[in-house]
Amino acid sequence: MSAQTRDLRDWLVARVATYLRRSPQDVDPAVPLAEYGLDSLTALAISTDIEDEYDLVLDPALAWDHPTIDALTAVLTGLIEAKERA
Amino acid sequence: MSATPKRADHLEALLGSLSDVDNPVGSAAILDADERAEPLVAGEAVLAAFDLNAELVPPEHGGRFDRVDHLVEVLRSVYRRDPALGLGYAVGSLIAGVAVWTAADTEQAARAARLLLGGGRIAAAFHELAHGNDIAAAEFTATPSDGGFLLSGRKEVIAGIGRASAAVIFARTDPSPGPRSHSLLLVEPVPGEPLPRFTTAGVRGVWLGGVAVDRHPVPESAVLGRVGGGLETVLKAFQVTRTALPAMATGVLDTGLRIAVDHLSTRRLYGGAAIDLPHVRSVLAAAFADLLRAEAFATVAARALHLVPGSASVYSAAVKIEVSRLLLDAMDRLAELLGAHSYLREGPSGLFQKLLRDLAPVGFGHIARATAQLSLLPQLPTLARRSWAVPGPVPVDLLDLDADLPPLRYDRLALHASGRDPLTAGHGALLDSLPPGPVRAAAAADRAELAELARVCAGLPVAELGADARPAHYDLVTRYVLLLVRTACLGVWRHAPPGDFLADPAWPLAALHRCAPGRTTPLPGPVEDALVTELLDRHGGNRSFGGTARPLAS
Ligand SMILES: Cc1cc2nc3c(=O)[nH]c(=O)nc-3n(C[C@H](O)[C@H](O)[C@H](O)COP(=O)(O)OP(=O)(O)OC[C@H]3O[C@@H](n4cnc5c(N)ncnc54)[C@H](O)[C@@H]3O)c2cc1C
C-alpha cells in the first residue's frame, strides 16, 4: 500500500470515527458502514466530506457502491491518481 | 404567476362550473359518485377527451409534459373539483411515469409512452402495507431465473391497479439488506391475482387494489435501469412527484376557500353577514395568504427541478413537508368557520367535507411528512457548510416565475444535493436587493436565524441523523424549511411583475408574519384588509385564489 493510499484510508477512518463518535481504533475499514449504524441516507454524507478534502467531484451515490472504507479507499485512489495525471 | 399554459384554461372550461347542477362534473355529480364510492365517469370522459395522459409524457416521447409547473397548473383544475378524479385517473401513471423517464432505456420509455398516449394506465406498485415508508424493507421479490426474473409477493393499496395495463413494480433483487438490493420493473400486463378492494375514508372513488404474485416470469428487459438501482431511481424520480402532488393539491384549498366565502357571505349571524365578523375575516385572510405562500414555494421548487435538478432532493422534501401542512391546516381552520356546513354531505357546501377527506393523503401518501423530514436531516451539515454559510447571488431564475425554463433533465436528479442550496445561499443578497420598507424590515430577523441555523447544523453528528434521530433534530428541519419558504416568498414578491397581486406587499408580509418563529398573533390590520379586499374581488370575478388568479369556469 502506498503512503498516499495509507493516508487516505487513515483520513477516512478518522472521518467515519467522528461520525460515529468512537475512536479510530474501533473502526474496521473492511466492515460495511451500515454495520456501524450509518443508514443508507446518512452514509451518503461522506462523499461531500471527501470532495472538500481532496478537491474531487464525486457521484452522490459513492458510498452505496463502495460500502466499506477499504472499497472507498480503492476507488478514491484511482480517482486521485487520474486527477493528478490530468 | 408563471404564464398559465393555454391548455390549462381549456381543461378548466371543459370541466365547467362546479355550482351548475346540470354539469355532469359539477359538485352534485361529484358528491353523488363519492357517495357510491365510484369514479366520476363523466369526469374521466372529459380527461380522456382532453388527452390528459399526454400531460404525463415528456415531449421527446410524444407528449406534452415539458414543464412541471405547467403540469401542476393543468392538474389543479382537476384538484379544484375532485381529488379522487386526479388520483384515480392520472397520479398512478404520473408516479410510474417519472420512474420510467428517469431510469428506462429508449425502447422501454417508448413502450410506456405508447401505452399512456393510447389512453392506458400504468400502476405504481411501490409500497407494501407491511412496510409503509420503510421502502427499503420491501419484500416483493424478483429472483433471477432463465435470463429473466420470477416475480413473487404482494403489493397492496395500489391506486387503480385493477384497471392498469401495466405496472412499475419495486422489487427486491438481492436478499441482503442495503440500498442496492431493489430494482424497478416495467411489467405488462399487470401480473398475479387481484386482491380485494381496500376501502378508504377519502378519495372513495379510487379503487385501491393490490396483487398477489407467485413465480410470474418476466424477461430481463423488464428491468428499468440497472439491477440494484431501484432505490436510487425512486429517490431521484419521486423528487418530481413529491413536488408536483402537493403543488396540485393547492386546488383543494382554492375551492375550500371559495365554498367558505360563498357560505359566509350569505349567512347572517348576530344581525349582519358572517363574513363581516372580525374573526371570520381574519381566518379567511390567513387561509388566502397560506394558499399564496404554498403556491409560491411549490412553484419555485417546480422551477428548481428544471434549473438546479441536483438540488431538488432538498426542495422537493421541503414541499412535501410544508405545502402539505399549509393545506391541511388551512382546510381545518376553514372547517371551523363552516361549522356544521363543513360536515353536511349535501347542500351548496356539501363538497367541503369531501375535499377535506380527499386532501388527507397529501400529508402521508407517497412519503410521509415525517419521512421527508428524515430525508433532509443527514443533508443539514453539508448544506450549512457549503451553502448557508457561503453567500451566493440571488437565484433570479428560480424566483422570476415568468422566466423560461430549460427542459427537465431526469439524469441530473441526485440522491442528495451535495450541500448545494442556491435559494438559501442567495438569502443575504436577496434581502439586500429588497426596496426599503415594511417587507424588508419584516425579513431582517431572518439573517440572524440563518446564521444561527448554519452554526448549529454544521456541527451536527452525522451518525445521529438516521431514522432514530432525536425530535430536536427534526425541529431543525422544520426551522430550515420555514426559512426556505420565507425566502421563496420574498423572492417571488421581489420579482413579480408590477400590477400583479404577487407584487403587492400584503401577501409576503402575511407570509412572513405567519411563519416567523414563535409568532401566532393576528395579521396587522392593513395587511388583513388588503388580503380580504383581493379575496372578495377574486371571489366576485370568479378567479382562482392561487398565484395565477386565473379565470375559472362559470
Ligand atoms: C389513497 C391511497 C392511495 C395509495 N396509492 C398507492 C399507489 O398507487 N402505489 C403505492 O405504491 N402505494 C400507494 N399507497 C400506499 C401509501 O402511499 C403507503 O403505504 C404510505 O406512503 C406508507 O404507509 P403508512 O402510512 O402505513 O406508513 P408508515 O411508514 O407506517 O408511516 C405511518 C406514520 O409513521 C410516521 N413515520 C414513518 N416513518 C417515520 C420516520 N422515519 N420518522 C418519523 N416518523 C415516521 C409518520 O408520521 C407516518 O405518517 C396509497 C395509499 C393511500 C391511502
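Residues numbered from 1 in each chain as written. Chains lettered and ligands numbered in written order. Predicted model: local features only at pLDDT ≥ 70, side-chain atom pairs only at ≥ 80, totals over all residues. Heavy atoms only, no water.

**Some words on the overall build of chain A**
Here is step 1 of the chain: Helix and strand counts for chain A stand at five helices and zero strands.
Here is step 2 of the chain: Listing the helices and strands of chain A from first to last along the sequence gives α-α-α-α-α.
Here is step 3 of the chain: Taking 12 Å as the expected radius of gyration for a compact globule of 86 residues, we find that chain A reaches 12 Å, a close match to that expectation.
Here is step 4 of the chain: Dimensions of chain A, computed from C-alpha atoms along their principal axes, come out at roughly 35 × 25 × 20 Å.
Here is step 5 of the chain: Counting every position in chain A, which comprises 86 residues, the buried fraction comes to 45%.
Here is step 6 of the chain: At a minimum sequence separation of 6, the contacts of chain A that also span at least 24 residues come to 55%.
Here is step 7 of the chain: Per element, the accessible surface of chain A, about 4300 Å² overall, is 51% carbon and sulfur. (Helix = DSSP H or I, 4+ residues; strand = E, 2+ residues; numbered from the N terminus. Rg over C-alpha atoms; globule rule 2.2 N^0.38 Å. Buried < 20%, exposed > 50% of the residue type's maximum accessible area, 1.4 Å probe, protein only. Contact = heavy atoms within 4.5 Å. Areas by Shrake-Rupley, 256 points an atom, 1.4 Å probe, with all protein chains shown as cover.)

**Overview of the pattern of salt bridges**
Here is step 1 of the chain: In total, this model carries 49 salt bridges over all chains according to the counting rule given.
Here is step 2 of the chain: Of the charged contacts, one joins Glu452 of chain B and Arg455 of chain B as a salt bridge, the two residues approaching to 3.3 Å between their closest N and O atoms. Taken as a pair, Glu452 of chain B and Arg455 of chain B lie in helix H19 (residues 445-458) at a separation of three residues, close to a single helical turn.
Here is step 3 of the chain: Arg455 of chain B sits in the exposed class, given a relative accessible area of 58%.
Here is step 4 of the chain: Each of Arg15, Asp49, Glu51 and Asp52 of chain A together with Arg385 and Arg386 of chain B takes part in one network of salt bridges that share partners. (Salt bridge = Lys/Arg side-chain N within 4 Å of Asp/Glu carboxyl O.)

**Notes on helix H13 (residues 369-376) of chain B**
Here is step 1 of the chain: Along H13 of chain B, the residues classified as buried are Ala372, Gln373, Leu374 and Leu376 of chain B.
Here is step 2 of the chain: Buried residues along H13 of chain B sit in contact with helix H10 (312-338), helix H14 (380-388) and helix H20 (471-494) of chain B.

**Quick notes on the domain arrangement of chain B**
All names here are of chain B.
Here is step 1 of the chain: Assigned domains within chain B: domain 1 (6-121), domain 2 (124-227) and domain 3 (235-540).
Here is step 2 of the chain: Taken over C-alpha atoms, the centre of domain 1 sits 25 Å from the centre of domain 3.
Here is step 3 of the chain: Every contact between the two is made by 29 residues of domain 1 and, on the other side, 35 residues of domain 3.
Here is step 4 of the chain: When domain 1 packs against domain 3, the two sides together hide about 2700 Å² of surface, and 67% of this comes from carbon and sulfur.
Here is step 5 of the chain: Between domain 1 and domain 3 we count six salt bridges in total.
Here is step 6 of the chain: Viewed at the interface, domain 3 and domain 1 are joined by nine residue pairs in polar contact (both at pLDDT 80 or more). (Domains from an automatic or database assignment. Buried area = accessible area lost by both parts, 1.4 Å probe. Polar contact = N/O pair within 3.5 Å; in protein donor to acceptor, adjacent residues only side chain to side chain.)

**Description of the site of the ligand**
All names here are of chain B.
Here is step 1 of the chain: Inspection of the region around the ligand gives 18 residues, with Ala124, Phe126, His127, Asn133 and Tyr474 positioned closest.
Here is step 2 of the chain: Thr371 places a polar side-chain atom, nitrogen or oxygen, 3.2 Å from a nitrogen atom of the ligand.
Here is step 3 of the chain: Contacts to the ligand include Tyr474, whose side-chain N or O atom sits 2.9 Å from a nitrogen atom.
Here is step 4 of the chain: Isolated, the ligand exposes 970 Å² of accessible area, and the fraction of that covered by the protein chains is 67%.
Here is step 5 of the chain: Contributions of two or more residues to the shell around the ligand are made by strand E3 (148-159) and H13.
Here is step 6 of the chain: Considering only residue class, the shell around the ligand consists of twelve nonpolar, six polar and no charged.
Here is step 7 of the chain: Counting contributing residues per domain, the shell around the ligand is built from domain 2 (124-227) and domain 3 (235-540), each supplying no fewer than three. (Near = heavy atom within 4 Å. Nonpolar A, V, L, I, M, F, W, Y, C, P; charged D, E, K, R; others polar.)

**Here we look at the packing of aromatic side chains**
Here is step 1 of the chain: Taken as a whole and judged by the stated rule, the model has six aromatic pairs over all chains.
Here is step 2 of the chain: For the ring pair Trp11 of chain A and Tyr54 of chain A, a centre distance of 5.4 Å and an interplane angle of 90 degrees mean the geometry is edge-to-face. Taken as a pair, Trp11 of chain A in helix H1 (residues 3-20) and Tyr54 of chain A in helix H3 (residues 45-54) lie far apart in primary sequence, 43 residues in all.
Here is step 3 of the chain: A ring pair is formed by Phe126 of chain B and Phe238 of chain B, whose centres lie 4.9 Å apart and whose planes are at 70 degrees; its orientation type is edge-to-face. Of the two residues, Phe126 of chain B is situated in the loop between strand E1 (122-125) and strand E2 (141-145) and Phe238 of chain B in helix H7 (residues 230-248); the sequence distance between them amounts to 112 residues.
Here is step 4 of the chain: Given a relative accessible area of 3%, Phe126 of chain B falls into the buried group.
Here is step 5 of the chain: A residue is classified by how much of its surface remains accessible, and Phe238 of chain B, at 1% relative accessible area, is buried.
Here is step 6 of the chain: Among the aromatic residues, those joined into a cluster by ring pairs are Phe126, Phe170 and Phe238 of chain B.
Here is step 7 of the chain: Sitting over the ring of Phe50 of chain B, Arg64 of chain B keeps its end group 5.1 Å from the ring centre. (Phe/Tyr/Trp six-rings, centres within 6.5 Å; stacked < 30°, edge-to-face > 60°. Lys NZ or Arg CZ within 6 Å of the ring centre and 35° of its normal.)

**Digging into the interface of chain A and chain B**
Here is step 1 of the chain: Each side of the interface is counted separately: chain A has 19 residues, and chain B has 24 residues.
Here is step 2 of the chain: In total, chain A and chain B occlude about 1800 Å² of area from one another, counting both sides; carbon and sulfur atoms represent 61% of this.
Here is step 3 of the chain: When the buried surface of chain A facing chain B is broken down by residue, Leu41, Thr48 and Trp64 of chain A rank first, second and third, together holding 30% of it.
Here is step 4 of the chain: In this structure, the connection of chain A to chain B is made through seven salt bridges.

**With respect to the nonpolar core**
Generally speaking, a soluble globular protein has its nonpolar side chains buried in company with each other.
Here is step 1 of the chain: Ranked by size, the top nonpolar core spans 171 residues in total, and within it Phe126, Leu284 and Leu531 of chain B carry the most contacts.
Here is step 2 of the chain: Top contributing element to this core by residue count: helix H9 (residues 278-307) of chain B, with 18 residues.
Here is step 3 of the chain: If sequence neighbours within four positions are ignored, Leu284 of chain B has contacts with Leu257, Ala260, Val261, Leu264, Ile275, Leu334, Leu337 and Leu535 of chain B.
Here is step 4 of the chain: Grouped together as the second largest cluster of nonpolar side chains are 26 residues, Trp11, Tyr19, Ala63 and Ile69 of chain A included. (Core = buried A, V, L, I, M, F, W, Y, C linked by side-chain atoms within 4.5 Å.)

**Digging into the pairing of E1 of chain B**
Each regular strand carries side chains that alternate between the two faces of the sheet.
Residues and elements named next belong to chain B.
Here is step 1 of the chain: Residue alternation in E1 divides its side chains into two sets, Ile122 and Ala124 and Ala123 and Ala125, and both sets are buried.
Here is step 2 of the chain: Across four bridges, E1 lies against strand E4 (residues 166-172) in parallel orientation. Bridge pairing in E4 links Ala124 to Val168. (Pairing = 2+ DSSP bridges.)

**What to know about the packing of helix H4 (residues 68-79) of chain B against H7 of chain B**
When two helices pack together, their arrangement is given by the angle between the helix axes and the distance between those axes.
Residue and element names in this part refer to chain B.
Here is step 1 of the chain: It is at 8 Å that the axes of H4 and H7 come closest, and there the two elements cross at 40 degrees. Between H4 and H7, the crossing angle belongs to the class labelled oblique. Considering only the axes of H4 and H7, their crossing is right-handed. Judged by residue contacts, Val68, Leu71, Val72, Leu75, Arg76 and Tyr79 of H4 engage Val240, Ala244, Ala247 and Met248 from H7.
Here is step 2 of the chain: When its residues are assigned to classes, the contact of H4 with H7 shows nine nonpolar, no polar and one charged. (Axes fitted to C-alpha atoms, helices over the stretch in contact; angles between N-to-C directions. Parallel < 35°, antiparallel > 145°, perpendicular 65-115°, else oblique. Left-handed = near helix turned anticlockwise from the far one by under 90°.)

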